[in-house]
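# Tertiary structure, described
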Amino acid sequence: MNVNWYPPCPHPSLTMGLVPHCDRPLLTLLSQGDVSGLQAKYRGQWIDVHPIPNAFVINLGHLMEVLHSMHYEFCEFLI
């Protein structure tokens, strides 16, 4: 399991973010706080994942897909 927290960047115009990717572990818990910028691919289109106060984003990783005989589909996302 991954647990991630990305603090606000003091100079967001200077950041590059990450390439589209999927997490490998079973689950990833992400606390966005009030930081926006996360996008998830849904039906071939990138959608914004808006921060919700006091909530976690939970991503199913590749390992979850393998453990459940490909029944669950992993999520591709950008940060």
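Below is a summary of the structure that appears in this document. Since we're looking at a predicted model, the values are computed, not measured. Throughout this document, residue positions are counted from 1 along each chain, in the order its sequence is written. Thresholds applied to this predicted model are a pLDDT of at least 70 for local features of residues and 80 or more for the giving and counting of side-chain atom pairs; totals over whole chains, interfaces and linings are not thresholded and use all residues. Water and hydrogen atoms play no part in the side-chain values, which are based on all heavy atoms of the structure.

### What about the overall build of the protein chain?
A helix here means a DSSP run of H or I that spans at least four residues, while a strand means a run of E at least two residues long, and both kinds are numbered starting from the N terminus. A count of helical and extended segments in the protein chain gives 1 helix and 6 strands. If you list the helices and strands of the protein chain from N to C, you get β-β-β-β-β-α-β. Between buried and exposed lies partly exposed: a residue is buried under 20% and exposed over 50% of the maximum accessible area for its type, with that area taken using a 1.4 Å probe on protein chains only. Relative to its full complement of 79 residues, the protein chain shows a buried share of 19%. Residue contacts are defined here by distance: any two heavy atoms, one from each residue, within 4.5 Å place the two residues in contact. Once local pairs closer than 6 in sequence are excluded, the contacts in the protein chain between residues at least 24 apart make up 70%. We get accessible surface area from the Shrake-Rupley algorithm with a probe of 1.4 Å; when it comes to residues, only the shown protein chains can shield them. Carbon and sulfur atoms form 60% of the exposed surface of the protein chain, whose accessible area is close to 6100 Å².

### So, unusual backbone geometry
Of note in this structure, arginine 43 is not a glycine but carries a positive phi near 50°. Within the element layout of this structure, arginine 43 appears in the loop between strand S3 (39-42) and strand S4 (45-48). With relative accessibility at 73%, the residue arginine 43 sits in the exposed group.

### Considerations on the pairing of strand S5 (residues 57-60)
Burial of S5 is one-sided: the residues Val57 and Asn59 facing one way are buried, the residues Ile58 and Leu60 facing the other way are not. If DSSP finds at least two bridges between two strands, the strands pair. In the sheet, strand S2 (residues 27-31) pairs with S5 via 4 bridges, with the strands oriented antiparallel. Looking at the pairing, leucine 27 lines up with leucine 60 of S5.

### Let's talk about the pairing of S4
Both S3 and S4 contribute to a ladder of 4 bridges, which runs antiparallel. Each bridged residue has a counterpart across the sheet, and for tyrosine 42 the counterpart in S4 is glutamine 45. The antiparallel pairing of S3 with S4 creates a hairpin that spans 2 residues between the two strands, and arginine 43 there sits at a positive phi of about 50°.

### Details of the environment of isoleucine 47
When you line up the elements, isoleucine 47 lands in strand S4. On the accessibility criterion, isoleucine 47 (38% relative accessible area) is partly exposed. Setting aside residues up to four positions removed in sequence, isoleucine 47 forms contacts with Leu38, Gln39, Ala40 and Tyr42.

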